[in-house]
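Close look at the chain arrangement
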Amino acid sequence: MKITHDLHIHTSLSLCASREASAAGYVALAKQHGLTRLGFADHYWDERIDGTHAFCRDGVSGFYNPQNTAHIEQLRPQLDALRGQGIDLLFGCETEYDPYHHGVAITEEVAETMDFIIVPNSHTHMMMPKELYQPYEKHAAYMVNAYREIIESPVSRYITAMAHPFQAVCCPYDNRILISLITDDEYRRLFDRTAEKGIAIEINTSCWYQKTDAEVEADPVWHLFSLAKECGCRFTFGSDAHDHQVHSVYAAHTALACRLLALREVDLAIITR
Ligand SMILES: [Zn+2]
Ligand SMILES: [Zn+2]
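Below, the structure is looked at part by part. (Residues numbered from 1 in each chain as written. Chains lettered and ligands numbered in written order. Predicted model: local features only at pLDDT ≥ 70, side-chain atom pairs only at ≥ 80, totals over all residues. Heavy atoms only, no water.)

**Describing the coordination of the zinc ion (ligand 2)**
Here the zinc ion (ligand 2) is held by His8 (NE2), His10 (NE2), Glu94 (OE) and Asp240 (OD), and the distances to it run 2.0 to 2.2 Å. Around the zinc ion (ligand 2), the 4 donor atoms sit at angles spanning 79 to 171 degrees, and that spread fits a shape best called irregular. Of note, the donors binding the zinc ion (ligand 2) are all from one chain and are spaced H-x1-H-x83-E-x145-D. Here the zinc ion (ligand 1) and the zinc ion (ligand 2) are spaced 3.4 Å from one another, each receiving a donor from Glu94. Taken together, the residues His8 in strand β1 (residues 5–9) and Glu94 in strand β3 (residues 88–94) connect sequence positions 86 residues apart. Each member of the pair, His8 as well as Glu94, is classed as buried. (Donors = N, O, S within 2.8 Å, 3.2 Å for Na, K, Ca; no water. Tetrahedral: all angles 85-135°; square planar, octahedral: opposite > 155°, others 65-115°. Helix = DSSP H or I, 4+ residues; strand = E, 2+ residues; numbered from the N terminus. Buried < 20%, exposed > 50% of the residue type's maximum accessible area, 1.4 Å probe, protein only.)

Pasting the structure below:
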């Protein structure tokens, strides 16, 4: 099975992305790499949701305040102008776990207007108080709780996929340590519920960008994905591209994932097909 979608792409509207990253650039590359569906998911916090207290880290409000609805909506007309070239273009967002309200930083009103929504439980570099980095168990427990609050939130029915689940971003130590600190029973409880809710699990290829195939195969994250598959979760793929480079290895990594997890078309979320 060849993966022809990428449901996790950032443009320069994301403050952390390359200033060169454009929808037009991605569309041109998609043609070269045989991708037929691109989902744009710039970082987003809905300004209708008070973030004042949710921002656990210095500078996070500075990061999300400008990335509001009007800001990400600038992409919609750009996508409209690029239609008709044989590539499906989806307008979505990577919104955030909101620890203060125990939910997700998007209102139903906005969620309804999106083609898809992805939410991470693992932006702990921004959302988690620093003192929870150690002992590692506290960090893992934070992500378990965040995951549960996301999938049980009032907007959960709008969530397409859990972005890079349990893969703590910008972790000051090897974030793979955390994956093995969560028990299979705990994963199963969460993934059973994820499957029930019709939320997919994202296979995010960005962490493998400069790794060898052997290193990718040894990644403990496969165990987590296997459990999700056993629980009946469906999957989406995402490059988490912040520039135009990553698609050069995307096909190799998505093919490896399909082989290691023995994925079939039926295992993919409907939106990807
Ligand atoms: Zn992310
Ligand atoms: Zn992202």
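**Concerning the packing of helix α7 (residues 136–151) against helix α9 (residues 184–197)**
For any two helices packed against each other, the geometry is given by the interaxial angle and the distance between the axes. Here α7 crosses α9 at 20 degrees, and the two axes come no closer than 10 Å. In this view, α7 runs roughly parallel relative to α9, as classed from their interaxial angle. In the packing of α7 onto α9, the handedness of the crossing is left-handed. Taking contact as the criterion, the partners of Val144, Tyr147, Arg148 and Ile151 in α7 are, on α9, Glu186, Leu190, Phe191, Arg193, Thr194 and Lys197. Grouping the constituent residues of the contact of α7 with α9 by class yields 5 nonpolar, 1 polar and 4 charged. (Axes fitted to C-alpha atoms, helices over the stretch in contact; angles between N-to-C directions. Parallel < 35°, antiparallel > 145°, perpendicular 65-115°, else oblique. Left-handed = near helix turned anticlockwise from the far one by under 90°. Contact = heavy atoms within 4.5 Å. Nonpolar A, V, L, I, M, F, W, Y, C, P; charged D, E, K, R; others polar.)

**Notes on the side chain of Asp46**
Its location among the elements puts Asp46 in the loop between β2 (37–43) and α2 (60–64). Here the side chain of Asp46 touches Arg48 through a polar contact of 3.0 Å, landing on its backbone nitrogen. Leaving out residues up to four positions away in the same chain, Asp46 has contacts with Thr69, Ala105, Ile106, Thr107 and Val110. (Polar contact = N/O pair within 3.5 Å; in protein donor to acceptor, adjacent residues only side chain to side chain.)

**Some words on the pairing of strand β6 (residues 116–120)**
Of all 5 residues making up β6, 5 are buried, and the element is well covered by its neighbours. Looking at chain direction, β3 and β6 are connected through 3 bridges and run parallel. Bridge assignment links Gly92 to a residue of β6, and that residue is Phe116. Pairing of β6 with strand β7 (residues 161–163), which is carried by 3 bridges, proceeds in the parallel orientation. Within β7, the position partnered with Val119 by the bridge is Met162. (Pairing = 2+ DSSP bridges.)

**A look at the pattern of salt bridges**
Taken as a whole and judged by the stated rule, the model has 15 salt bridges. A salt bridge links Arg48 to Glu109, with the nearest nitrogen and oxygen atoms 3.5 Å apart. Placement of the pair is Arg48 in the loop between β2 and α2 and Glu109 in helix α5 (residues 108–111), with a sequence separation of 61 residues. Here Arg148 and Glu186 are joined by a salt bridge, their closest N and O atoms 3.4 Å apart. Taken as a pair, Arg148 in helix α7 and Glu186 in helix α9 lie far apart in primary sequence, 38 residues in all. Taking the relative accessible area as the measure of exposure, Glu186 reaches 17% and is therefore buried. Several salt bridges converge on common partners, so that one network encompasses Asp46, Glu47, Arg48 and Glu109. (Salt bridge = Lys/Arg side-chain N within 4 Å of Asp/Glu carboxyl O.)

**Some remarks on the coordination of the zinc ion (ligand 1)**
Summarising the metal site, the zinc ion (ligand 1) is bound by the protein donors Glu94 (OE), His123 (NE2) and His164 (NE2), whose distances to it range over 2.0 to 2.2 Å. Motif for the zinc ion (ligand 1), donor spacing along one chain: E-x28-H-x40-H.

**As for unusual backbone geometry**
Here Gln134 and Pro135 are connected by a cis peptide whose omega angle stands at -15 degrees. Within the element layout of this structure, Pro135 appears in the loop between α6 (124–127) and α7. Despite not being glycine, His102 has its phi angle at roughly 55 degrees, a positive value. Examined against the element boundaries, His102 turns out to sit in the loop between β4 (97–98) and β5 (103–104). Even without being glycine, Cys170 reaches a positive phi, approximately 50 degrees. Within the element layout of this structure, Cys170 appears in the loop between β7 and α8 (176–179). Note on Cys170: relative accessible area 59%, which makes it exposed.

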